[in-house]
Amino acid sequence: MPEFHYATDADGIATITWDLPGRSMNVLTFEGIAELDGLIDRALADDAVKGVILTSAKKDFAGGMDLNALARMKAEAGDDPARGLFDGIMRLHGVLRKIERAGMDPKTLKGGKPIVAALPGTAAGIGLELPLACHRIIAADNPKAKIGLPEILVGIFPGAGGTTRLVRKLGAMGAAPFLLEGRMQAPAKMKAAGVIDEVVAPEDLMARARDWVLSAKDADLVKPWDAKGYKMPGGTPYHPAGFMTFVGASAMVMGRTMGVYPAAKALLSAVYEGAQVPFDTALRIEARWFTHVLLNPSSGAMIRSLFLDKEALEKGANRPDVADMTVRKLGVLGAGMMGAGIAHVAALAGIEVVLIDAAQEAAEKGKAHSESLLDKGMKRGKVTAEKKAEVLGRIAPTTDYARLSGCDLVVEAVFEDPKVKAEVTARAEAAMGPEAVFATNTSTLPITDLARASQRPERFIGIHFFSPVDKMMLVEIIKGEETGPEAVAKALDFVRQIRKTPIVVNDARFFYANRCIIPYINEGIRMVAEGVAPALIENAARMVGMPVGPLQLVDETSIDLGVKIARATRAAMGEAYPDGAVDEVLFAMADNGRLGRKAKAGFYAYDDAGKRTGLWDGLADHWPLAADQPDLTEVQERLLYVQALEAVRALEAGVLTDIREGNVGAILGWGFAPWSGGPFGWLDILGARRAVDRAEALAAAHGDRFAPPAILRDMAGKGESFETRFAPARAA
Ligand code: NAD
């Protein structure tokens, strides 16, 4: 079936309309590239055709490249995947360059046919790179449209000429936010930035494109970089102004990425090298760096976890097969930090919310939290006054449990105390209908135990949000022993409504995320006790791709919370409790009033405004630095293995049932080195054999917490990876 349609009219305009069969969004496939190439040839060869409009039959233009096309290029090259990829990318460059030159005489630059891109809606990735090769980009003023090059967010960079063209169009500085941050914006903003040329009312899009084609002159078709005397805006690397930009960009990127993201480095290299050579050579350089990135295991792991698997989970990959459970009215118990956040995101998604606290004042305060977030949004121009009123109108603060009647989901976020939770469960269930689902946002208490307070444990579930609720994208859904499929579906449908990413796990101490975060924090603290330089610990973490070091993390979440969790865990585990050395540090910090950021004193020192000013220099008085410091790699390995091995144990214990959830949950939940695709992605990059060897060495040096789990040993013996061994779960 064709992916592009071709039609000509009496005025000599050929319209190429993209309409990938069976998909709501166009993506450029392996076949599509050849088809488009043929249609461009046809239009250029036909004397009756004066110009071309490239558009889409769907509400959007295109979402990007079909990732299978890249896989095909690799696979079809047999023993030499790099060659296959490079040649495939160069073929694509050839098609886009043909559009750009449009049959013009290479010397006089005359006689080309105008080709205009008419974008009805979103144009992302190759969906913008293709228009950038056209002579004009006209977009419909569609409020839902987002235009941009988001590749960097999944570990690659725009490799179909988008990098080279945008830098030559806007200069390195102007192109930086689009290339390095993957910024996607509405058409009007992209016009203001100079990325696209025109924005028109949706109903005028095609007429305007026709007018432009019919009135275009030879000079309108010549790209600045193909014209004589072209100079790159802002200067090339050896121009005095350009020099500053390139040196600065390099420092900025290294500062932000710590050098762990291969795509950011490769992108900068492509831009830096490409800026110094003619356009066609720059495209070859871009293709080389793009091939380099595609062959790095990090890019494959990031695409898989941050794009494919994340999307699959959001679409309900692990949703039980029960009817739609969309939430219409939500009850939230406890209007503190978490409850207020949950009420806010639900109201934002259009759900009516009854927000209950013990005192009316507290309930009102919870609603005020939503108001302050909306005010911030208004300041940034993201929220209108009407929207604010609408969202706030959906939150009803009260103390009256009777108002829960009609709620089909109730989430409790009261104090972390089983007695208080049992009491509110009973009170809520007395008011809720028999079909409604009750959820707890507990972070530490077993769901199965809390469900004992419920009259209908099959409709009792854990929905664990992360703080701050409005920012954190992961929601961990926890099944108690008796939780039924409808409760799971309800939780998943709710998470879909509020546009977050769910994982579904089984009930065990600390569920999944906290189970892995706590060992990370503890390993950092343990090293302080051993006399490892705190700066080494923190920097090692950042330099291996963790967003915050373990000491900063415990400061943020608060040291008294750490003490509380340590006491409860010790009480539950008795003799088997392994973290005595950690507790000594934690308890001493707490005894000294160093409770973390909220106290403006913790492992870090803070100024009066609460800003970190550096690690607390008193640490060395309590825990003197050891004469021998470990090397960076050893500290990094301790910090990553301690998390990843715990993730493997969670899989082994059946807490996790799908490695996709393990990877996506780790990246979104606590920022596990995103470049690695998550803990299972990281172990697969290492290979099970090497992981087992290193874990054994770490266990011998530092203790049993590093002992490789049986599953990993078994995989090492059989030469398996998590991807191969757990493929059936992925396909399910
Ligand atoms: P919080 O102290 O800020 O809020 C708790 C609220 O519950 C208070 O407003 C309190 O007045 C109210 N409350 C207490 N008893 C009540 C009752 N009987 N009826 C109605 N309201 C009552 O606490 P928080 O940080 O929002 O945490 C709430 C829950 O979420 C806890 O179970 C906690 O473990 C969990 N949690 C917290 C975080 C976090 O980072 N803070 C993250 C995930 C989960």
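Residues numbered from 1 in each chain as written. Predicted model: local features only at pLDDT ≥ 70, side-chain atom pairs only at ≥ 80, totals over all residues. Heavy atoms only, no water.

### Points about helix α22 (residues 580–591)
We count it as follows: By definition, any uninterrupted DSSP run of H or I lasting at least four residues is a helix, any uninterrupted run of E lasting at least two residues is a strand, and each is numbered from the N terminus. Here, expected helix span is obtained from the residue count minus one, scaled by 1.5 Å. The contact criterion used throughout is that any non-hydrogen atoms of two residues lie within 4.5 Å.
Relative to the 16 Å expected for 12 residues at 1.5 Å per residue, α22 spans 16 Å between its end C-alpha atoms, a close match to the ideal helical length. On its buried face, α22 sits against α18 (513–530), α20 (550–557), α21 (559–573) and α23 (619–622). Immediately downstream of α22, the backbone of G593 shows phi near 75 degrees, a positive value.

### Quick notes on the pairing of strand β15 (residues 409–412)
The side chains of a regular strand alternate, first on one face of the sheet and then on the other. This is how the line gets drawn: Relative accessibility thresholds used throughout: buried, under 20% of the residue-type maximum; exposed, over 50%; partly exposed, between the two (1.4 Å probe, protein chains only). Only strands joined by at least two bridges in the DSSP assignment are considered to pair. Handedness of a crossover: with both strands directed away from the viewer, a clockwise path from the first strand across the helix to the second marks it as right-handed.
Side chains of β15 alternate between two faces, with L409 and V411 and V410 and E412 buried alike. Of the pairings in the sheet, the one linking strand β12 (residues 329–333) to β15 comprises four bridges and is parallel in character. Its bridge partner being in β15, L330 is matched across the sheet by L409. Here four bridges tie β15 to strand β16 (residues 437–440), and the two strands are oriented parallel to one another. Bridging across to β16, V410 finds its partner in F438. Crossover β15 to β16 through helix α15 (residues 418–431) is right-handed.

### Comments concerning the sheet that holds strand β10 (residues 184–185)
Reading across from one edge, β7-β9-β10 is the order of the three strands in this open sheet, with mixed pairing throughout. Every other strand in the sheet has two partners, leaving β7 (123–124) and β10 as the edge strands with one partner each.

### Observations concerning the sheet that holds β12
Filter applied, for reference: Here the axes come from fitting lines to C-alpha atoms, over the contacting stretch only for helices, and the angles between their N-to-C directions go from 0 to 180 degrees.
Read across the sheet, eight strands follow the order β14-β13-β12-β15-β16-β17-β18-β19 without closing on themselves; strand pairing throughout is mixed. Single-partner strands in this sheet number two, and they are β14 (395–398) and β19 (501–506). The average angle at which neighbouring strand axes cross in this sheet is 25 degrees, direction not considered. α15 contacts β12, β15, β16 and β17 (460–465) of the sheet and is inclined by roughly 160 degrees relative to β16.

### Regarding the packing of helix α5 (residues 162–180) against helix α10 (residues 279–295)
The condition is simple: Working definition: roughly parallel below 35 degrees, roughly antiparallel above 145 degrees, roughly perpendicular at 65 to 115 degrees, and oblique for all remaining angles. Side-chain classes follow a simple rule in which Ala, Val, Leu, Ile, Met, Phe, Trp, Tyr, Cys and Pro form the nonpolar group, Asp, Glu, Lys and Arg form the charged group, and the remainder, Gly included, forms the polar group.
Interaxial distance between α5 and α10 falls to 9 Å at its minimum, and their mutual angle equals 135 degrees. By the angle class used here, α5 and α10 are oblique. On the side of α5, the interface is formed by G162, T163, T164, R165 and R168, while α10 contributes F279, A282, L283 and E286. A class-by-class count of the residues in the contact of α5 with α10 yields three nonpolar, three polar and three charged.

### A few points about empty space enclosed by the protein
Operational definition: Throughout, the protein atoms alone are placed on a 1 Å grid, and a set of points is a cavity if a 1.4 Å probe fits but cannot get out or a pocket if it is open with protein on both sides within 12 Å along at least five of seven lines; lining residues have an atom within 4 Å of a point. Grid points are joined across faces, edges and corners, and a volume is the space filled by probe spheres set on the points.
For the structure shown, the criterion picks out three cavities of 30 Å³ or more. Estimated volume of the largest cavity: approximately 40 Å³. Together, T163, T164, V167, R168, A270, V271, G274, A275 and A282 line the largest cavity. Among the elements that make up the lining of the largest cavity, the one with the highest residue count is α5 (four residues). Counted by class, the lining of the largest cavity contains five nonpolar, three polar and one charged residues.

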